[in-house]
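If you want the building blocks of each chain, they are given just below.
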Amino acid sequence: MTQASGLPTTAAQAEPILSNLPGSFPEGVLLRRHPDIVATVRRLVPFPRAVQEAVDGLLATLDGAIPELPEDAHDATLWRDSAAGYVGQRWVDVPFLWAESYFYRLLLEATGYFQDGPWRGVDPFAPQKLAELDSSELARDLTNLDALVDAPPAEGLLAAVAASLWGNRADLGFRLSDPSSTARDQVDDLVADDSATLWRLLDSEPGTVHLVADNAGRELTADLVLVDRLLATDRASTVVLHLKPHPYYVSDATVSDLLTVLRRLTATPGAAAGIAARLRAALATDRLQVRAHEFWCTPGTFHELPTDLVDELSGAAVVIVKGDLNYRRLVGDLHWDPTTPFADVVAYFPAPVAALRTLKSDVAVGVTPDRLERLENATPGWRTNGTHAVIHVRD
């Protein structure tokens, strides 16, 4: 049974994750990681003095009250409606998901991304994304694509799912190995594995698969390999790729990032160039379609999906939701009992849904009691250090 909001009734006992616990992961993100991110942006992008002063003003608020978005901002109403009285409070005293999202929106405001002028539309995170595409790690990944593409279809698709799951640990995923194999279980890095349900959904009559992307760089590269395998093996008749309409968190993938990755693949001899050619052809024939809905850059959870997105997603054979932020929005950024079944939490979602998530924040569901006990005893930081992952599926 669900409440009007779409959250299961058990969510009434699950409190929102805040950042006001000293030494907690959310506090560290807001008060230490964000200043580090801003310092990197300022080092890599030669913004003028006015922008630097605006950014300094934003950082100064982290020790004080949350500022209001300017009234003339194009999306001021959206953020004012979502704030529910948060403006004027301390950053750490409001829900972490909203605070983190709002910080990035204010950072874009400070850099002039949406204002008229020479810095309009300049992605402040672009240098970091481009550097990742030039990395030796990605070059190594791309050389492994020949073996992946030449493998038997099911084996290659399995490896592509693993690569997409692990994102920036993509070198682990490009190995032609089963993510549920004994070797992987020994390091206990796959916390939950519903991949059998995912294969069943993909092995039915080919339909439309939606992929809600997360990060650019190596992760988007792996996602595009997965898209190629879904189309090439006829597991999907069409793939709809959902990207951000503009920069959001540090490495979120936009349409511009998609084009950049395609250029990188095209410039790489062998299987990578072949993947790029097939994806370009799929774009031209609408077998691969791209969406960039404004909702993906808002703080709302997926319980608040707008009607047009609900209508489109409801026709999917499966919706693959990538990454940690999308996972938090899918299940709700709450202090869940980690043993709460994933299927119960996402019962509201309008289509079969698969979450491929490397854990980088506190929220956790769908963990069996025995696995939870082992994780808590052996790996206290398993929720946030990026070394563990889940494949959660609700059919």
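Above this text sits the structure in question.
Residues numbered from 1 in each chain as written. Predicted model: local features only at pLDDT ≥ 70, side-chain atom pairs only at ≥ 80, totals over all residues. Heavy atoms only, no water.

*Asks:* Can you help me understand helix α13 (residues 255-266) in this one?
*Replies:* Given 3.6 residues per turn, any residue in an α-helix points the same way as the ones three and four places further on. Look at α13: 17 Å from first C-alpha to last across 12 residues, which is about the 16 Å you get at 1.5 Å a residue. Among the residues of α13, Asp257, Leu258, Thr260, Val261, Leu262 and Leu265 are the ones counted as buried. Tucked into the core, α13 has its buried residues touching α5 (126-133), α6 (136-143), α12 (217-232), β3 (236-242), α14 (271-285) and β4 (288-291). (Helix = DSSP H or I, 4+ residues; strand = E, 2+ residues; numbered from the N terminus. Expected span 1.5 Å × (residues − 1). Buried < 20%, exposed > 50% of the residue type's maximum accessible area, 1.4 Å probe, protein only. Contact = heavy atoms within 4.5 Å.)

*Asks:* I keep staring at the pairing of strand β7 (residues 389-394) and nothing clicks. Help me out?
*Replies:* On a regular strand, each side chain points to the face opposite its neighbour's, so the side chains alternate between the two faces of the sheet. Of all six residues that make up β7, six are buried, and the element is covered over most of its length. By the alternation rule, side chains of β7 split into Ala389, Ile391 and Val393 and Val390, His392 and Arg394, which are all buried. As paired elements, strand β1 (residues 190-193) and β7 share three bridges and run parallel to each other. By the bridge assignment, Asp193 is partnered in β7 with Ile391. As judged from the six bridges shared by strand β6 (residues 353-358) and β7, these two strands associate in the antiparallel manner. Bridge pairing in β7 places Ala355 opposite His392. (Pairing = 2+ DSSP bridges.)

*Asks:* Looking at this structure, how should I read the packing of aromatic side chains?
*Replies:* The geometry of an aromatic ring pair is captured by the separation of the ring centres together with the interplanar angle, meaning the angle of the planes. One pass over the full model with this rule turns up 17 aromatic pairs. Residues Trp79 and Tyr102 carry aromatic rings whose centres are separated by 5.5 Å and whose planes lie at 40° to one another, so their mutual orientation is tilted. One end of the pair, Trp79, is in helix α3 (residues 76-83); the other, Tyr102, is in helix α4 (residues 96-110), and 23 residues separate them in sequence. Residues Trp79 and Tyr102 agree in their burial class; the two are buried. Ring centres of Tyr248 and Tyr249 lie 4.9 Å apart, and the angle between their planes is 55°; on these two criteria the pair is classed as tilted. Each member of the pair, Tyr248 as well as Tyr249, carries the same accessibility label: buried. Three or more aromatic residues link up through ring pairs in this structure, and these residues are Trp79, Tyr86, Trp91, Trp98, Tyr102, Phe103, Tyr104, Phe125, Tyr248 and Tyr249. Seen from the ring of Phe295, Arg329 lies directly overhead, with NZ or CZ sitting 4.7 Å from the centre. (Phe/Tyr/Trp six-rings, centres within 6.5 Å; stacked < 30°, edge-to-face > 60°. Lys NZ or Arg CZ within 6 Å of the ring centre and 35° of its normal.)

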